[in-house]
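Letter by letter, the chains look like this.
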Amino acid sequence: VTTPEFTLCDGLRAAREDRADSPAARLAFPRLAREFGTPLYVYDRGVIETQYDALRSAFAARFRRLRIFYAVKANTNVALIRFLHRRGAGAEVVSRGETFLSRTAGVPPGAILFSSSSKSPDEIADAVANGILLNVDSMDELEQIAEQASSAATTAAISFRVNPGVDPDTLHKINTGISESKFGVHLEGGLALEAYRRAAALPGLRIAGLHAHVGSQIVDPAGHVETLRRLLAFARELKERLGVVLDFVDVGGGLGIPYEDGQKVMSADDLAAALAPVWSEGTRALGYEPELWVEPGRFFVGPSGVLLARVNSVKRTPVRTFLNVDAGFNTLMRPSMYGAYHRVRVVGRAAPDEIVDVAGDVCETGDLLAEGRRLPRAAAGDLVVFLDAGAYGFAMTSEYNARPLPAEVLVDGDEAVLIRRRGTFEELLRSQIPPGRFS
Ligand code: LLP
């Protein structure tokens, strides 16, 4: 008898393609669970590569001067940061910790963009001292950066994150009113122009660019297109009124991925194609061509990852049926926090015939990872797979309920490499100080 050969990646692909009952999936997931335990984050290296290359080729074909950054907040495992950096991506960071992890992954300071709306004096000092580009979010912050740079007798390169007053989600269900957003210096009311004027006058600063990021999980190019149009019109104003010439214009990240079966989202190619005419027209009017920067997070790593969990028990109530699994909102926060949808597969079971809720192991009513799903009848011990968990999955985990953090594995072909070992009980105590005189 010959056993058919399937790689771990075949198993991951089978789950993505809704064939979790196929031999490939039946082999891969129990093997991963046996070797690394559950709950477990598993990333398919080939998918990250495909996603990155798709974006790079779509943009490189249309933009002569292009720079790609990986928004590391999506997944800060240094193995993934390093992988994307080696393929050419810089790092977009929002904290000193993210800077530290990016540097550890081999990203040089010159390929890091620091972009948070609330930077501490310590974060500003670190970026200034290390020559990391600061994406400024307020006038107050600008003054602090100039002061730091002057006292360190150095020059800080800056851009401004502007608030372009564009709502990218008007066509969609998630609607975030941009005027209420805490991010960016408003173009509206001349505020951004005033900010650049001030930056040009302050010592210790070098104006390098212009930035906007109008949201995440955007599935239609319209918001990016309108943002770019406004950015380029503003760049022209900067040149004509202040004589400022920019090295780069950054359109942010935000490319959505399909989380649901059959969900239509823009591709990297759709976005690049929609931006290209606005870019050529806008830069022609501008009289020079800055670099175009993009900084996706989710798009690169989201589709590559799954969360593998095990069914602890099945509970049938008069109202609902719960699959109680060994992961919760401390493992995957997106469903509880945003009402986000992740496809769920039951490994090794065919024929969906039951409507269930997949409940987490956190002691809170709101800890449901999936609701009202038609799934195959599962039993205790079965493995379930949550798809598209590579972005904002592990990155948002916590030790709530005193559960050690899950492990992470990077899979390539039939090889699985542990890139984060499972947390331990000792780690729950790692920073606690034994009770002193108050107890
Ligand atoms: N650039 C900036 C300045 C950002 O704030 C973000 C994300 C990105 C780039 C990358 O956005 P992406 O390409 O990944 O959409 N936790 C949420 C998503 C929060 C996104 C925050 N900022 C979620 O789980 O959906």
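Note that the structure is predicted; figures quoted are calculated from it, not measured.

Conventions we followed
Residues numbered from 1 in each chain as written. Predicted model: local features only at pLDDT ≥ 70, side-chain atom pairs only at ≥ 80, totals over all residues. Heavy atoms only, no water. Near = heavy atom within 4 Å. Polar contact = N/O pair within 3.5 Å; in protein donor to acceptor, adjacent residues only side chain to side chain. Areas by Shrake-Rupley, 256 points an atom, 1.4 Å probe, with all protein chains shown as cover. Phe/Tyr/Trp six-rings, centres within 6.5 Å; stacked < 30°, edge-to-face > 60°. Buried < 20%, exposed > 50% of the residue type's maximum accessible area, 1.4 Å probe, protein only. Helix = DSSP H or I, 4+ residues; strand = E, 2+ residues; numbered from the N terminus. Expected span 1.5 Å × (residues − 1). Contact = heavy atoms within 4.5 Å. Core = buried A, V, L, I, M, F, W, Y, C linked by side-chain atoms within 4.5 Å. Pairing = 2+ DSSP bridges. Right-handed = clockwise from strand over helix to strand, strands pointing away. pLDDT = per-residue confidence, 0-100. Axes fitted to C-alpha atoms, helices over the stretch in contact; angles between N-to-C directions. Nonpolar A, V, L, I, M, F, W, Y, C, P; charged D, E, K, R; others polar. Arc of directions from axis to C-beta.

**Here we look at the site of the ligand**
And step 1. Among the 17 residues in the neighbourhood of the ligand, the closest are listed as Ser216, Gly254, Glu295, Arg334 and Tyr392.
And step 2. Note that a nitrogen atom of the ligand is positioned 2.6 Å from one of the side-chain N or O atoms of Glu295.
And step 3. Against a free-state accessible area of 580 Å², the protein chains account for coverage of 87% of the ligand.

**A closer look at the packing of aromatic side chains**
And step 1. Using the criterion set out here, one finds 12 aromatic pairs in the structure.
And step 2. When the centroid spacing of 6.3 Å and the interplanar angle of 15° are considered together, the rings of Tyr41 and Tyr43 count as stacked. Of the two residues, Tyr41 and Tyr43, neither departs from the other in class, the shared state being buried.
And step 3. Consider the rings of Phe63 and Trp279, whose centres lie 6.0 Å apart with planes at 75°: the pair is edge-to-face.

**Here we look at helix α7 (residues 139-151)**
And step 1. A rise of 1.5 Å per residue sets the reference length of α7, with its 13 residues, at 18 Å; its end C-alpha atoms lie 19 Å apart and thus fit the reference within 8%.
And step 2. Turning to α7, the residues buried within the fold contact α6 (121-130), β5 (133-136), β6 (156-163), α8 (191-201) and β8 (205-211).

**What about the nonpolar core?**
And step 1. Counting 107 residues, the largest nonpolar core has Phe59, Ile158, Phe160 and Leu246 as its most contacted members.
And step 2. Here this core takes eight residues from helix α10 (residues 268-286), the largest share from any one element.
And step 3. Residue contacts for Leu246: discarding those within four places in its chain leaves Tyr196, Ile207, Ala208, Gly209, Leu210, Ala235, Leu238, Tyr288 and Pro290.

**Focus: the pairing of strand β3 (residues 90-93)**
And step 1. Burial of the side chains of β3 extends over both faces: Gly90 and Glu92 are buried on one face and Ala91 and Val93 on the other.
And step 2. Pairing analysis gives three bridges linking strand β2 (residues 66-71) to β3, with the strands arranged parallel. Paired with Tyr70 across the two strands is Ala91, which belongs to β3.
And step 3. Crossover connection from β2 via helix α4 (residues 78-86) to parallel β3: handedness right-handed.
And step 4. In terms of strand pairing, β3 meets strand β4 (residues 112-114) through three bridges, oriented parallel. Residue Ala91 lies in a different strand from β4, and its bridge partner there is Ile112.
And step 5. For the crossover that starts at β3, traverses helix α5 (residues 96-104) and ends in the parallel β4, the hand is right-handed.

**Focus on the confidence of the model for the chain**
Note: predicted coordinates in regions of low pLDDT should not be interpreted at a detailed level.
And step 1. When pLDDT is averaged along the chain, the result is 95; 97% of the residues meet or exceed 70.
And step 2. For residues 171-177, every residue scores under 50 in pLDDT, and the model assigns this stretch 10 contacts once sequence neighbours within four places are set aside.

**Here we look at the environment of Asp326**
And step 1. As for its position among the elements, Asp326 is in the loop between β12 (321-325) and α12 (334-338).
And step 2. Spatially, the C-alpha atom of Asp326 lies 6.5 Å from that of Gly360, the residues being 34 residues apart in sequence.
And step 3. Excluding its chain neighbours within four sequence positions, the residues that come into contact with Asp326 are Thr38, Pro39, Ala309, Arg310, Asn312 and Asp361.
And step 4. Within the structure, the side chain of Asp326 is placed 2.6 Å from the side chain of Thr38, a separation counted as a polar contact.
And step 5. Engagement of the side chain of Asp326 in a polar contact is seen with the backbone nitrogen of Arg310, the distance being 2.8 Å.

**Let's talk about the side chain of Asp388**
And step 1. The residue Asp388 is located in the loop between β16 (383-386) and β17 (407-412) in this model.
And step 2. A distance of 2.9 Å separates polar atoms of two side chains, one belonging to Asp388 and the other to Arg343.
And step 3. Discounting residues that sit within four places of it in the chain, Asp388 has contacts with Ile257, Pro258, Tyr259, Gly302, Pro303, Gly305, His342 and Arg343.

**Digging into the packing of α5 against α6**
And step 1. Put simply, α5 and α6 touch, their axes get as near as 10 Å, and they point 35° apart. Contacts from Arg96, Thr99 and Arg103 in α5 reach Asp122, Glu123, Asp126 and Asn130 in α6.
And step 2. Here the residues of the contact of α5 with α6 are counted per class, giving no nonpolar, two polar and five charged.

**Focus on the pairing of strand β1 (residues 40-44)**
And step 1. Burial analysis of β1 places five of its five residues in the buried class, the great majority of the element.
And step 2. Where β1 meets β17, five bridges bridge the pair, whose relative direction is parallel. Its bridge partner lying in β17, Leu40 is registered against Ala407.
And step 3. Bridging between β1 and strand β11 (residues 305-316) involves four bridges; their strand directions are antiparallel. In the sheet register, Tyr41 faces β11, and the bridge partner there is Leu307.

**Topic: unusual backbone geometry**
And step 1. Pro39 follows Thr38 through a cis peptide bond whose omega is -5°.
And step 2. Note on placement: Pro39 falls in the loop between α2 (23-36) and β1.
And step 3. Backbone geometry places Asp18, a non-glycine residue, at a positive phi of 60°.
And step 4. With respect to the secondary-structure elements, Asp18 resides in the loop between α1 (8-16) and α2.
And step 5. If you check the backbone angles, Ala402 has positive phi at about 55° while not being a glycine.
And step 6. Relative to the assigned elements, Ala402 resides in the loop between β16 and β17.

**Topic: the side chain of Thr99**
And step 1. Structurally, the position occupied by Thr99 is in helix α5.
And step 2. Among the residues examined, Thr99 registers a relative accessible area of 4% and is labelled buried.

**A look at α2**
And step 1. Compared with an ideal rise of 1.5 Å per residue, which puts 14 residues at 20 Å, α2 spans 20 Å between its outermost C-alpha atoms and is within 8% of the ideal.
And step 2. Of the positions making up α2, those classed as buried are Ala24, Ala25, Ala28, Phe29, Leu32, Ala33 and Phe36. Looking straight down α2, one finds that the buried residues subtend no more than 130° of arc, so they occupy a single side. Of the exposed residues in α2, the ones pointing more than 90 degrees away from its buried face are Arg34 and Glu35.
And step 3. Of the surrounding secondary structure, the elements contacted by the buried residues of α2 are α1, β1, β11, β16, β17 and β18 (415-420).
And step 4. In the segment just after α2, Gly37 is the residue with positive phi, at about 80°.

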